[in-house]
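Geometric and topological summary
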Amino acid sequence: MIPHPAWLEIDTDQFQKNLLAIRELIGNRQICLPVKANAYGHGLCEMSLIAEKIGIEYLGVSCLKEAHHLRNSGIKIPIIIFGAIHEDQIDQLIDLDCQPTLASKFKAHLFPQKLSSKIKVHLEIDTGMRRTGVRAENGLDFLSYVESLGRFKIESIYTHFATSDTPDHPFAFEQIKAFYPLTMEAKKRGIKSHMANSGGTLYYPDSYFDMVRPGLLAYEYTPNGASHPKIKPCLSLKAKISYFKAVPKETGISYNHLYRTDRESRIVTVPLGYADGYRRSLSQAQVLIRGKKYPIAGNICMDQFMVDIGQDSAYVGDEVTLIGKQNEAEITLVELAKKGHSIPHEMLASLSTRLTRRYGALNFK
Ligand SMILES: *Cc1c(COP(=O)(O)O)cnc(C)c1O
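The paragraphs below set out a description of the structure included in this document. (Residues numbered from 1 in each chain as written. Predicted model: local features only at pLDDT ≥ 70, side-chain atom pairs only at ≥ 80, totals over all residues. Heavy atoms only, no water.)

Details of the nonpolar core
Note the following rule: We call a set of buried residues a nonpolar core when its members are Ala, Val, Leu, Ile, Met, Phe, Trp, Tyr or Cys and they connect through side-chain atoms within 4.5 Å of each other. Burial status follows relative accessibility: with a 1.4 Å probe on protein chains alone, a residue under 20% of its type maximum counts as buried, one over 50% as exposed, and anything between as partly exposed. Residue contacts are defined here by distance: any two heavy atoms, one from each residue, within 4.5 Å place the two residues in contact.
Leu 33, Tyr 278, Ile 289 and Phe 305 are the most contacted members of the largest nonpolar core, which has 105 residues in total. In contact with Tyr 278, other than residues within four places in its own chain, are Leu 237, Gly 273, Ala 285, Gln 286, Val 287, Ile 296, Ile 300, Phe 305, Leu 322 and Leu 336. Cys 32, Ile 80, Phe 82 and Tyr 158 belong to the second-largest nonpolar core, a separate cluster that totals six residues.

Structure representation (structure tokens):
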């Protein structure tokens, strides 16, 4: 691996603990681990290999490209593709033994009729997300129709919550109610049902059915950032200071000089920027150096940004923590996302592949 001064530390022990905690919560049901978007920035193949090893039943990706990476790295367990499949992807989808989502009768027709074995598919039902899927009231008709085509083995029907990040949200209960009758029909035919994302897994036990699909909860957090006794973050973002200088009072720092020192100050440069997913909107955020929080000085650049350490000392090569703990001090992904007018999902999905990913058991408390 090429040494690089900006990296993610991924605590693989904590990841397994999170998955075990989810197992405990859901009892005798299956888990589909969403690993789309590079496993929420944690590393698609690395996280998937761990999941496979500890017996997770399915992986969920958004597209064929991600599934291709997984099969290329030797992953054997079933892969569900959540996103739409296009006609020019079907041959490879079958070659890679992936299980697509059918979200309309039209899509079902794109698949060839005469295959040596039936294609395993998952039918998407829209109970209120209003993104993709057949409306719940037409669900049974859709199910019977796909069955009648004879070329598919329907593995499951599923739907997606729009408001499950909030406990006791009336619309979440409405969605469960809309989905429930279909799940009974599915059960009669030996077809699984699933619904719960992280919010569903945590706050809506009535949505467990046969399987859950928790993403954020498996890697990091409860969906609203509330603490949980067993589920903890497994990712830290760190870098090494690349430059140090002392500047006089009233010095403008970075593009457009939006930041000006209010005293004689020491400025250090950190070698990562918005190209790495450390968004420009984080220019008001703080970082940890030597166990203390310091403000970012001025606009974040594409590959670098500056930090004002006042009269304190810090030198080239010192470790900077952007997400995670240093001694007793901590910057959480949730608080950082708020500062950047973002959400943890988006922040994680933006972490670039340029950042080195280091895996191992770390000392999270
Ligand atoms: C991304 C995704 C999930 C996981 O969502 P989280 O909020 O991260 O738990 C579950 N199901 C589907 C279909 C998804 O696309």
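Some words on the site of the ligand
Our working rule: Throughout, the term near means that a residue has one or more heavy atoms lying within 4 Å of the molecule or strand in question. Distance and chemistry together define a polar contact, namely a pair of N or O atoms within 3.5 Å, with one atom able to donate a hydrogen and the other to accept it when in protein, and with adjacent residues in sequence counting only for side-chain atoms on both sides. For the area figures, the Shrake-Rupley method with a 1.4 Å probe applies, and any residue is considered shielded solely by the protein chains shown. Points on a 1 Å grid, built from protein atoms alone, make a cavity when a 1.4 Å probe fits but cannot get out and make a pocket when they are open with protein on both sides within 12 Å along at least 5 of 7 lines; residues with an atom within 4 Å of a point are the lining residues. A pocket or cavity is taken to hold a molecule when more than half of that molecule's atoms are within 2 Å of the pocket's grid points.
What surrounds the ligand is the set Pro 34, Lys 36, Tyr 40, Phe 82, His 160, Asn 197, Ser 198, Arg 213, Pro 214, Gly 215, Leu 216 and His 345. Tyr 40 has a polar side-chain atom sitting 2.6 Å from an oxygen atom of the ligand. Residue Ser 198 places a side-chain N or O atom 2.5 Å away from an oxygen atom belonging to the ligand. Protein contacts shield 91% of the accessible area of the ligand, which totals 380 Å² for the unbound molecule. Its atoms largely coinciding with the cavity grid, the ligand occupies the largest pocket.

Comments concerning the environment of Val 212
The line we're drawing: Under the DSSP-based scheme used, a helix requires at least four consecutive residues in state H or I and a strand at least two consecutive residues in state E, with every element numbered from the N terminus.
With respect to the helices and strands, the residue Val 212 is situated in strand E10 (residues 211–212). When the C-alpha positions of Val 212 and Lys 240 are compared, they lie 39 Å apart, and in sequence the two are 28 residues distant. Every residue in contact with Val 212, bar those within four places of it in the chain, is listed here: Ile 22, Ile 26, Gln 30, Ile 31, Cys 32, Ala 196 and Thr 201.

With respect to the side chain of Ser 283
Tracing the sequence through the fold places Ser 283 in the loop between strand E15 (265–270) and strand E16 (286–289). For Ser 283, a relative accessible area of 11% puts it in the buried group. A distance of 2.7 Å separates a polar atom in the side chain of Ser 283 from the backbone oxygen of Arg 280.

Digging into the pattern of salt bridges
Operational definition: Definition used for salt bridges: Asp or Glu carboxyl oxygen within 4 Å of a side-chain nitrogen of Lys or Arg.
This structure, assessed with the given rule, holds 15 salt bridges. Here Glu 147 ties to Arg 189 by a salt bridge, and the two come within 2.7 Å at their closest N and O atoms. Of this pair, Glu 147 sits in helix H7 (residues 139–149) while Arg 189 is found in the loop between helix H8 (170–188) and strand E9 (192–196), placing the two residues 42 residues apart along the sequence. Classification of Glu 147 as partly exposed rests on a relative accessible area of 35%.

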